[in-house]
Structure formats: structure tokens, C-alpha cells
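Geometric and topological summary
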Amino acid sequence: MSISSNLKIIIPRPPKAGSTSTAMWLMAQDDEMTKKDTEHHETLDNYQARGLNLKDYTIIHVGRNPFKRQVSAYEFSLLTNNHAYTPNCTVQDADFRTWYMQLTNLMLYRYDEPSPDVAWIGENRLRWDLDPVFFPQAHFTSCRHDAKHADFVQIEQFEEYRIEKYPDSPKLGVLNAHDTREGDHYPSNSSKSYKNYELKHWSEYYTDMDIVRKIQGLYSDDFTMWGYDPNINPYTEEPWNL
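This report concerns the structure included in the present document. Counting starts from 1 at the beginning of each chain's written sequence and moves along it residue by residue. pLDDT decides what is reported in this predicted model: residues at 70 or higher carry local features, side-chain atom pairs at 80 or more are listed and counted, and totals for whole chains, interfaces and linings draw on all residues regardless. To obtain the side-chain values, all non-hydrogen atoms of the structure were included, while hydrogens and water were left out.

1. Regarding the overall build of the protein chain
Going along the chain from the N terminus, every DSSP run of H or I of four or more residues is numbered as a helix, and every run of E of two or more is numbered as a strand. Along its length, the protein chain carries eight helices and six strands. In sequence order, the secondary structure elements of the protein chain are arranged as β-β-α-α-β-α-α-α-β-α-α-α-β-β. Considering the protein chain as a whole, with its 242 residues, one finds that 47% of them fall into the buried category. Contacts are assigned to residue pairs that have any heavy atoms within 4.5 Å of one another. Considering only contacts in the protein chain between residues 6 or more positions apart, those separated by 24 or more positions represent 69%. With an accessible surface of roughly 12600 Å², the protein chain has 48% of that area assigned to carbon and sulfur atoms. Accessible area is worked out with a 1.4 Å probe on protein chains only. A residue is then buried under 20% of its type maximum, exposed over 50%, and partly exposed in between. Every accessible area reported is derived by Shrake-Rupley at a probe size of 1.4 Å, with residue values counting cover from the shown protein chains alone.

2. Thoughts on the packing of aromatic side chains
To pair, rings of Phe, Tyr and Trp, with the six-membered ring standing in for Trp, must have centres within 6.5 Å; the planes then decide the type, stacked if under 30 degrees apart, edge-to-face if over 60, and tilted in the middle. Here the structure, examined in full by the defined rule, presents 19 aromatic pairs. Both rings, one in phenylalanine 96 and one in tyrosine 206, keep their centres 5.4 Å apart while their planes meet at 75°; by these two values the pair is edge-to-face. Remark: tyrosine 206 occurs in the loop between helix H6 (158–165) and helix H7 (209–218) and phenylalanine 96 occurs in helix H4 (residues 96–101); sequence separation between them is 110 residues. Pairing tyrosine 100 with phenylalanine 134 gives two aromatic rings, centres 6.0 Å apart and planes at 70°, and the pair type is edge-to-face. Here tyrosine 100 is found in helix H4, whereas its partner phenylalanine 134 is found in the loop between helix H5 (105–109) and strand E4 (149–154), with 34 residues between them in sequence.

3. Notes on the packing of helix H3 (residues 66–79) against H7
Only C-alpha atoms enter the line fits that serve as axes; for helices the fit covers just the stretch in contact. Angles between N-to-C directions range over 0 to 180 degrees. One way to put it is that H3 packs onto H7 with a least axis distance of 10 Å and a crossing angle of 100°. Taken together, the axes of H3 and H7 are roughly perpendicular relative to one another. Residue-level inspection shows Pro66, Phe67 and Gln70 of H3 in contact with H7, the latter providing Val212, Ile215 and Gln216. Charged residues are taken to be Asp, Glu, Lys and Arg, nonpolar residues to be Ala, Val, Leu, Ile, Met, Phe, Trp, Tyr, Cys and Pro, and polar residues to be all remaining types, Gly included. Broken down by class, the residue content of the contact of H3 with H7 amounts to four nonpolar, two polar and no charged. Each angle is binned into one of four classes, with values under 35 degrees roughly parallel, values over 145 roughly antiparallel, values of 65 to 115 roughly perpendicular, and all other values oblique.

4. Describing the sheet that holds strand E2 (residues 9–11)
A pair of strands is labelled paired if DSSP reports no fewer than 2 bridges between them. Ordered in space as E1-E2-E3-E4, the four strands form an open sheet in which the pairing is mixed. Both outer strands of the open sheet, strand E1 (2–4) and E4, are each paired with one neighbouring strand and no more. The mean angle between the axes of side-by-side strands here comes to 15°, regardless of whether they run parallel or antiparallel. Pairing between E2 and strand E3 (residues 58–63): two bridges, direction parallel.

Next comes the structure, spelled out in C-alpha cells:
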């Protein structure tokens, strides 16, 4: 999460949803914030457990259309040699459709746990192990107590939100290019920690309605919480029809 104790603002950081840009936006307004205040992709619950009183903060939940986010999550995982695996395959060995079609809601919403009676090696390892890039964005909103105020903002609408709620704040920094320029092959990752990765045309990921329905189901809470229409292809802005 990105936390400004001076501004009393928290922006949770679901990965592959513009979280680096929103962290920089917040840091630009609070000189006392450090990298440590923006490092972790954790839930609100985790911070409450450490004594953070959410009633003192405004929380800005910035989300991204799941159809786009999960493409980025997949390509980013290939680039970074992500270790994610399930009983069926690893993300490194699967194409986009194969990887997501075998995921289940149980895998996304609950960590697997090894048996306490066996060593965590070989066949006794976790049955599945997913990186947070595959967790629903809703996972990062989890908290036991109400905050002072919470807004849910689509990353594409952040500038309008900023002008309305924080007109004296700076503009949001540059987001990854594929947020607005799908279709061509071009570098899309702005992180300095990794090499750039490229995105293919959206039709190479969404090849039929089965994978569309799978993303709709796995990330249904994200569509609902951030107000994205799961029946609309965000690349064409027309109804899905494959």
C-alpha cells in the first residue's frame, strides 16, 4: 500500500493496476513519504493487524479493467520468470488461455497450506502457489473495519477524480503504454527493475468466449467493485462476440 500519514490518504496497491503511478502521485504531495511507505502489495487487513487505524484515513481504491490487467499480469510473469504454479501447470509453461482456464476461485481467494505433518519439499509442496498479480484486485480491499472514507476509482478516470477531489495535486504520471494503445507490438512495462515486455494484439489472448467468460467469473468482484462492464470488450468498446 501507499500510505501518507500527513495527508491521511491510503492507496492500496493491487499489482498491474497503475499502482506505481499512484504511489508516485501520492509521494509528490508528501515530502516525508519514503519508498518504504509504498513498497508492499498487501491488504488493508494486514496493516490493521499492525495497529493502523483506518478511521483516520481516506482510502482510494484504484482499479483496472480485469480483461486488460490479467493480460499484463500474464506477460509480466513470463518476463520475470514468475514461479506461479498449480497442480496442472506453471505459468511459464502455459499460454494465456491455458493458464487462466485452469485457475479456480478457490486458488485466487485462499492460500494453499502444506500438511503440518510433512516437509515442504518435493511432492509435499503446496498444491498451488500464485503470485499477487493473479489475485483479484478486490483481495487488496479486504479490511475488518470501516475507513474514514473510501473511493473506488477506475485508473482511466483518475484524472477526472483528481480534478474533482484534489485539484491542487499534480497529474498522475505516465502509465504503461498499453493502457491506451492496444493492438501493436511495443514496449509496455515502465518499471526500471525489469526489461520491457510486449503485448500482442488482444485477439491473441481472447480467442473465444470461453476465456472471456473465465475472466468474467474469476474476477467478477473486480468488475462489480470498480464498475467495469464484463460484457464489453475494453479494446473495442463493443460487446464481446467471438
